[in-house]
Amino acid sequence: MFDFNILFDFSRNHCVAICAILVPANLLLTLQTIIFTVIGYPQVQVRKAALVACIPALVMLFHVYSWLMIGVVMAPTYILFFLAAVCLSINFWAINYYSRLVYSRE
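The following refers to the structure shown. (Residues numbered from 1 in each chain as written. Predicted model: local features only at pLDDT ≥ 70, side-chain atom pairs only at ≥ 80, totals over all residues. Heavy atoms only, no water.)

1. Here's the deal with the environment of Trp93
Stage number 1. Considering the arrangement of structural elements, one finds Trp93 in helix α4 (residues 75-105).
Stage number 2. Sequence separation of Trp93 and Ala50 is 43 residues, and the distance between their C-alpha atoms is 9.3 Å. (Helix = DSSP H or I, 4+ residues; strand = E, 2+ residues; numbered from the N terminus.)

Written as structure tokens, this is what we have:
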């Protein structure tokens, strides 16, 4: 069986490096999804961009969860959790918005 404690320990030990990669990745990939949606790229490309952008957001949620499991409740944990939740929401909105936009044109 896979031991999640090893993964959570890795996440806590390398927090600065993980956050240094995940924060810009979340922002840039979500921005790419927004741009693809606004410009009107095909639904396939918008959906792919949104799914790729969801990966670092989910990783950040698990990273923050590893801190919350041991009781670290500080401003950065809430800020990172909020950032990941907003990025996920925007990506799910982009998928749903494009679907509604296509159906409303028909």
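2. Examining the layout of surface pockets
Stage number 1. Here the largest pocket is characterised by a volume of approximately 180 Å³.
Stage number 2. As for the largest pocket, its lining consists of Phe4, Leu7, Phe8, Phe10, Ser11, Ile18, Val59, Phe62, His63 and Ser66.
Stage number 3. The set of elements that each furnish at least two residues to the lining of the largest pocket consists of α1 (4-13) and α3 (43-69).
Stage number 4. Per element, the largest residue contribution to the lining of the largest pocket is 5 residues, and it comes from α1.
Stage number 5. Looking at side-chain class alone, the lining of the largest pocket contains 7 nonpolar, 3 polar and no charged residues. (1 Å grid on protein atoms, 1.4 Å probe; cavity = no way out; pocket = protein on both sides within 12 Å on 5 of 7 lines; lining within 4 Å. Points joined across faces, edges and corners; volume = space filled by probe spheres on them. Nonpolar A, V, L, I, M, F, W, Y, C, P; charged D, E, K, R; others polar.)

3. Overview of the packing of α1 against α3
Stage number 1. At their nearest, the axes of α1 and α3 sit 9 Å apart, and the two run at 95° to each other. Taken together, the axes of α1 and α3 lie roughly perpendicular to each other. Contacts between α1 and α3 involve Phe8, Ser11 and Arg12 on the former and, on the latter, Phe62, His63, Tyr65, Ser66, Trp67 and Met69.
Stage number 2. Of the residues in the contact of α1 with α3, the class split is 5 nonpolar, 3 polar and 1 charged. (Axes fitted to C-alpha atoms, helices over the stretch in contact; angles between N-to-C directions. Parallel < 35°, antiparallel > 145°, perpendicular 65-115°, else oblique. Contact = heavy atoms within 4.5 Å.)

4. Considering the environment of Ile55
Stage number 1. Its place among the elements puts Ile55 in helix α3.
Stage number 2. By relative accessible area, Ile55 is classed as exposed at 52%.
Stage number 3. Sequence separation of Ile55 and Phe92 is 37 residues, and the distance between their C-alpha atoms is 12 Å. (Buried < 20%, exposed > 50% of the residue type's maximum accessible area, 1.4 Å probe, protein only.)

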